[in-house]
Amino acid sequence: MELRQLEYFVAVAEERNFTRAAERVHISQSGVSAQIRSLERELGAELFDRSARTVTLTVAGKAALDHARAALAAAGAVGQAVDEVSALLRGRITVGMVIGCTLTPLFDALAGFHRAHPAVEISLLEDNSDRLVEQVRAGAVDVALTGTATLPDGLDALTIVSERLVAAVPAGHPLARRRRVALRDLAAHPIVCMPPGTGLRTVFDRACAAQGLRPAIALEASAADAIADLAARGLGVAVLSTSMAAGHSDRLTAHVVDDLETPALLALVWRDTRNPAVRELLAHGRRAFGKPAPAHE
């Protein structure tokens, strides 16, 4: 019994006509008929009733149909598995990373993926979050670590960090002595923050717009360390996330902004997991960031 015989059998059963089945499998009608006859001889039973204009399954044919389909599906799965392994032996994957990223688990994930699949070339692209999301949508980037206010529509995402925003100031600044800080308090001072196109800036701008506030953005920098350095020198109030500010507690006092409850998110985003390299990288990413795999995987 050959797979092609099962393929012809299923085609005739579904088309209920030898001519249409032959067209579907791209061989002659006589070829299909001959292979079906050979299969019937091997099985010791007729699979089709040919007495009428429309071909119908016999009782034996009905019993065989589901098994034939399952056998073809299993053979297809074997081929797909081999294709996926072959694709992982060679190829290229492009990873996007938000500017100023200092999260070492991302680098751990890339290193683990490289050790497992050394022939796959990894390209790392640094850009602001908005542009990275668009490049993932366009297929130019396979997976990207982005800062965002909300998870992007139409893409899959894994949230890595979800944190409130803080106002960080040096000793002697009027806000350093406050027990609580609101968004309006920040707006009374020059602001040092990330540029437009970053998740943190989007959260901040939307919150200000919702209250009709127009704070003076004195300086912009893409790296949290640079923002903290500028604020420590008295050039403005640093707007950072909780963990960003925590590394500078020796020189900056950080207050969670009371009325800015929307968190800034850091997330891995991707469009398509049919690429086996993407699936493998995401698995390494989940392990590196301590995120469990979805139940359906």
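Scroll up a little and you will see the structure.
So, here's what we can say about the structure. Every chain is numbered independently, its residues counted from 1 as its sequence is written. Residue-level local features of this predicted model are given only where pLDDT is at least 70; pairs of side-chain atoms are given and counted only at 80 or more, and the full residue set underlies all totals for whole chains, interfaces and linings. Heavy atoms throughout the structure, all of them, feed into the side-chain values; hydrogens and water do not.

1. Thoughts on the nonpolar core
A general tendency of soluble globular proteins is for nonpolar side chains to be buried together.
And then number 1: In this structure, Leu-165, Leu-183, Leu-186, Phe-204, Val-239 and Leu-260 are the most contacted members of the largest nonpolar core, which totals 35 residues.
And then number 2: Numbering of helices and strands runs from the N terminus, with a helix taken as a DSSP run of H or I at least four residues long and a strand as a DSSP run of E at least two residues long. Those elements giving two or more residues to this core turn out to be strand E7 (165-169), helix H7 (183-187), strand E8 (191-193), helix H8 (199-210), helix H9 (224-232) and strand E10 (237-241).
And then number 3: Contacts: residue pairs with any heavy atoms within 4.5 Å of one another. Leave out the neighbours within four places in its chain, and Phe-204 touches Leu-165, Leu-183, Leu-186, Ile-191, Pro-215, Ile-217, Val-239 and Leu-260.
And then number 4: In this structure, Cys-101, Val-143, Leu-145 and Leu-282 belong to the second largest nonpolar core, which totals 21 residues. In these notes, a set of buried Ala, Val, Leu, Ile, Met, Phe, Trp, Tyr and Cys residues joined through side-chain atoms within 4.5 Å is what counts as a nonpolar core. Only protein chains enter the area calculation, which uses a 1.4 Å probe; residues under 20% of their type maximum are buried, those over 50% are exposed, and those in between are partly exposed.

2. A closer look at the side chain of Glu-40
And then number 1: In this structure, Glu-40 sits in helix H3 (residues 29-43).
And then number 2: The buried category is assigned to Glu-40, whose relative accessible area is 6%.
And then number 3: Whenever a nitrogen or oxygen atom comes within 3.5 Å of another N or O atom, the pair is scored as a polar contact, on the condition that within protein one atom can donate a hydrogen and the other can accept it, and that pairs from neighbouring residues in sequence are kept only if both atoms are in side chains. Only 3.5 Å separates the side chain of Glu-40 from the backbone nitrogen of Phe-48, close enough to count as a polar contact.
And then number 4: Look past the residues within four positions of Glu-40 in its chain and what remains in contact with it is Ala-45, Glu-46, Leu-47, Phe-48 and Arg-50.

3. Focus: the sheet that holds E8
The strands that make up a sheet are held in pairs by hydrogen bonds between backbone atoms, and each pair lies either parallel or antiparallel.
And then number 1: The strand order E9-E8-E10-E7-E11 describes an open sheet built from 5 strands, whose pairing is mixed. With one partner strand each, in any of the chains shown, strand E9 (217-220) and strand E11 (253-256) form the two edges of the open sheet. Shown here is a sheet whose adjacent strand axes are inclined to one another by a mean of 30 degrees, direction ignored.
And then number 2: Any two strands with at least two DSSP-identified bridges between them are counted as paired. Where E7 meets E11, 4 bridges bridge the pair, whose relative direction is antiparallel. Bridge pairing links Val-166 to Val-256 in E11.
And then number 3: Set on the sheet, H8 makes contact with E7, E8, E9 and E10; between it and E10 the angle comes to about 115 degrees.
And then number 4: An axis is simply a line fitted to the C-alpha atoms; with a helix, the fit covers only the stretch in contact. Between two such axes, the angle follows the N-to-C directions and lies from 0 to 180 degrees. Contacting E7, E8, E9 and E10, H9 crosses the sheet at an angle of about 150 degrees to E10.

4. A few points about the packing of helix H1 (residues 3-15) against H3
And then number 1: It is at 9 Å that the axes of H1 and H3 come closest, and there the two elements cross at 110 degrees. With respect to their mutual orientation, H1 and H3 come out roughly perpendicular. In contact with Arg-4, Gln-5, Leu-6, Tyr-8, Phe-9 and Val-12 of H1, H3 contributes Val-32, Gln-35, Ile-36, Ser-38, Leu-39 and Glu-42.
And then number 2: Split into classes, the residues belonging to the contact of H1 with H3 amount to 7 nonpolar, 3 polar and 2 charged. Roughly parallel means an angle under 35 degrees; roughly antiparallel means over 145; roughly perpendicular covers 65 to 115; every other angle is labelled oblique. Residues are grouped as follows: Ala, Val, Leu, Ile, Met, Phe, Trp, Tyr, Cys and Pro are nonpolar; Asp, Glu, Lys and Arg are charged; all remaining types, including Gly, are polar.

5. Concerning the environment of Glu-163
And then number 1: Summarising the element assignment, Glu-163 is placed in strand E6 (residues 156-163).
And then number 2: Residue classification places Glu-163 among the buried residues on the basis of a relative accessible area of 16%.
And then number 3: Not counting chain neighbours up to four residues away, the residues in contact with Glu-163 comprise Ser-241, Thr-242, Ser-243, Met-244, Pro-263 and Ala-264.
And then number 4: Separated by 3.5 Å, the side chain of Glu-163 and the backbone nitrogen of Thr-242 make a polar contact.

6. Describing empty space enclosed by the protein
And then number 1: Using a grid of 1 Å spacing that covers the protein atoms alone, one calls a set of points a cavity when a 1.4 Å probe fits there but cannot get out, and a pocket when the set is open and has protein on both sides within 12 Å along at least five of seven lines; lining residues are those with an atom within 4 Å of a point. Grid points are joined across faces, edges and corners, and a volume is the space filled by probe spheres set on the points. Scanning all chains against the criterion turns up 1 cavity of 30 Å³ or more.
And then number 2: Considering only enclosed or pocket space, the largest cavity measures out at about 60 Å³ in volume.
And then number 3: As for the largest cavity, its lining consists of Val-95, Leu-106, Ala-109, Leu-110, Val-143, Leu-268, Leu-281, Leu-282 and Gly-285.
And then number 4: Counting residues per element, the ones that place at least two in the lining of the largest cavity are helix H5 (104-116) and helix H11 (276-289).
And then number 5: Residue classes in the lining of the largest cavity are distributed as 8 nonpolar, 1 polar and no charged.

7. Remarks on the packing of aromatic side chains
And then number 1: Classification of ring pairs rests on two measures: the distance between centres of Phe, Tyr or Trp rings, Trp counted by its six-membered ring, which must be within 6.5 Å, and the angle between planes, read as stacked under 30 degrees, edge-to-face over 60 and tilted in between. For the structure on display, the rule yields 2 aromatic pairs.
And then number 2: Here Phe-18 and Phe-48 contribute two aromatic rings whose centre-to-centre distance is 6.0 Å and whose plane-to-plane angle is 70 degrees, an arrangement assigned as edge-to-face. With Phe-18 in helix H2 (residues 18-25) and Phe-48 in strand E1 (residues 48-49), this residue pair connects regions lying 30 residues apart in the sequence.

8. Things to note about the layout of surface pockets
And then number 1: If you add up the space inside the largest pocket, you get close to 510 Å³.
And then number 2: Forming the walls of the largest pocket are 23 residues, and the residues nearest its centre are Met-194, Ser-241, Ser-243, Met-244 and Leu-266.
And then number 3: Contributing elements (two or more residues each) for the lining of the largest pocket: E6, H8, H9, helix H10 (242-246) and strand E12 (264-270).
And then number 4: The greatest single-element share of the lining of the largest pocket, amounting to 3 residues, is contributed by E12.
And then number 5: For the lining of the largest pocket, the class distribution of residues is 13 nonpolar, 8 polar and 2 charged.
And then number 6: Reported here for the second largest pocket is a volume of approximately 200 Å³.
And then number 7: What lines the second largest pocket is a set of 13 residues, and nearest its centre among them are Asp-130, Val-133, Thr-148, Ala-149 and Thr-150.
And then number 8: The set of elements that each furnish at least two residues to the lining of the second largest pocket consists of helix H6 (129-138), strand E5 (143-148) and H8.
And then number 9: The element best represented in the lining of the second largest pocket is H6, accounting for 5 residues.

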